Structure formats: structure tokens, C-alpha cells
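What the coordinates show
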Amino acid sequence: MSDDFLTQLRRVNTERYDVWARQPMMLCEHCGKDRPSADDSGYNNFCSPPFDKQEHRFTRPHPYLTVSNDAGIMFDALELGGEVGELLNVVKKLEREQRGWRGSRAAPEDFADECGDVLICLDKLARRMGVDLAEATARKFNATSEKVGLPHRLATSAEPNSEIGEGCHGE
Ligand SMILES: [Mg+2]
Ligand SMILES: [Zn+2]
């Protein structure tokens, strides 16, 4: 049986983060430059002067960033804030286009991308406190429905949907 989506996100997100956090940062044995990230398009594979022109060899572990890159809950919180900012920036650009104002533009795919980033980072942050996102979201959503007297309820796998019957009041 396959995981539901949020369970899968938590599991794979955790696995990927653990690999990344344990991966030592490797430096070029000739020039000491660190390995470029995959999206660094302007990067070239050769050592720059005053080093000999030769291909980098990333064989030397960074002197102190070798044990763990895990910066903890504070970093995850900042990262989530950053992604929310990126999402809002896309909304700003879409709104700007809507109004016919000058400035840089964003595409609808950028909006979807940033929504994804927010969920990924929210999962990382929630994991720090052992929060199950599906369970927490259902509980809060249902509490709000209860408060405003509407029958709409979310179900989680742990707790079968009790939408019909108990708990329904209002209107
Ligand atoms: Mg982003
Ligand atoms: Zn080099």
C-alpha cells in the first residue's frame, strides 16, 4: 500500500534532508573552491588563475562543515518565512500585471512552484516538533467549523470521518 501524500512528503523530505545534512562539503584539492549547486549556470569546471588551468577535483572535505549542516528549528523557520515571501512576491507580480503596471512579471507556474516550496518547508518545520500535518490541520479545521457552527469536517486516516452524525450542529 502506498503512503498518502503528506506521509510520503514527510518520509522522503526527511530522507533527503538527512542525506543533505550529512553530506560533507567538498572543496577542490587544487584551488579550494567548493562544488557549485546544480542551478549555478555560469559556473565553469576549471580552476581560475592564479591556479593552473585544470579541472576542479572535489576531494578535500571542508575543514569544519563536514559533520552536519543541520542548523535546527530556527533555520527551518526562517526558510519557511523566506518561501512565504517568495510566494507573496509572485502574487505581487501577478497583481502588477493585472493592473497593467510596469515591472517584472511572474508566471502562473511560479505561483504553483512557490506553493510547493511553502508546503515542503512547512513539513520540515512541523517535523521538528513531531507534528503530523494532516492530523493537526484536520483538528484545527474542525475546531473552526465547530466554533462557527458549520458541519464541514476533515477526516484523517487515524480518525475516520465523523462528518455525518455527531458533532453536526448549526443551521
Ligand atoms: Mg521558493
Ligand atoms: Zn579548482
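Our structure's up above, just so we're on the same page.
The structure reproduced in this document is the subject of the present report. (Residues numbered from 1 in each chain as written. Chains lettered and ligands numbered in written order. Predicted model: local features only at pLDDT ≥ 70, side-chain atom pairs only at ≥ 80, totals over all residues.)

**Considerations on the packing of helix α1 (residues 5–22) against helix α3 (residues 108–128)**
Quick reminder of the rule: Every angle, taken between N-to-C directions, lies between 0 and 180 degrees, and every axis is a line fitted to C-alpha atoms, over only the stretch in contact when it is a helix. Comment: elements are numbered from the N terminus, with helices defined as DSSP H or I runs of at least four residues and strands as E runs of at least two. When describing relative orientation, an angle under 35 degrees is termed roughly parallel and one over 145 degrees roughly antiparallel, while 65 to 115 degrees is termed roughly perpendicular and anything else oblique. We call two residues in contact if the C-beta atoms placed from their backbones are at most 7 Å apart. Throughout this entry, Asp, Glu, Lys and Arg are counted as charged residues, while Ala, Val, Leu, Ile, Met, Phe, Trp, Tyr, Cys and Pro are counted as nonpolar. The remaining residues, Gly among them, count as polar.
Two numbers describe how α1 lies on α3: the axes approach to 10 Å, and their chain directions differ by 80 degrees. As summarised for this structure, α1 and α3 are arranged roughly perpendicular, according to the angle between their axes. For the pair formed by α1 and α3, the contact residues are L9, R10, N13, T14 and Y17 on the first element and I120, D123, K124 and R127 on the second. Tallied by class, the residues present in the contact of α1 with α3 amount to three nonpolar, two polar and four charged.

**Brief notes about helix α4 (residues 133–148)**
Defined as follows: An expected span of 1.5 Å times one less than the residue number is assigned to each helix.
The end-to-end C-alpha distance of α4, which contains 16 residues, comes to 22 Å, matching closely the 22 Å that a straight helix rising 1.5 Å per residue would cover. Following α4 by one or two positions, G149 has its phi on the positive side, about 75 degrees.

**Considering α3**
For clarity, the cut-off: Put simply, a residue is buried when 20 or more other C-beta atoms lie within 10 Å of its own C-beta and exposed when 12 or fewer do; between those, it is partly exposed, and each C-beta is set from the backbone.
For α3, with 21 residues, the first-to-last C-alpha span of 31 Å sits near the 30 Å given by 1.5 Å per residue. Burial in α3 covers these residues: E114, C121, D123 and K124. The inward-facing, buried residues of α3 contact α1, α2 (73–98) and α4. Taken from the residues just after α3, G130 is the one with a positive phi, measuring 65 degrees.

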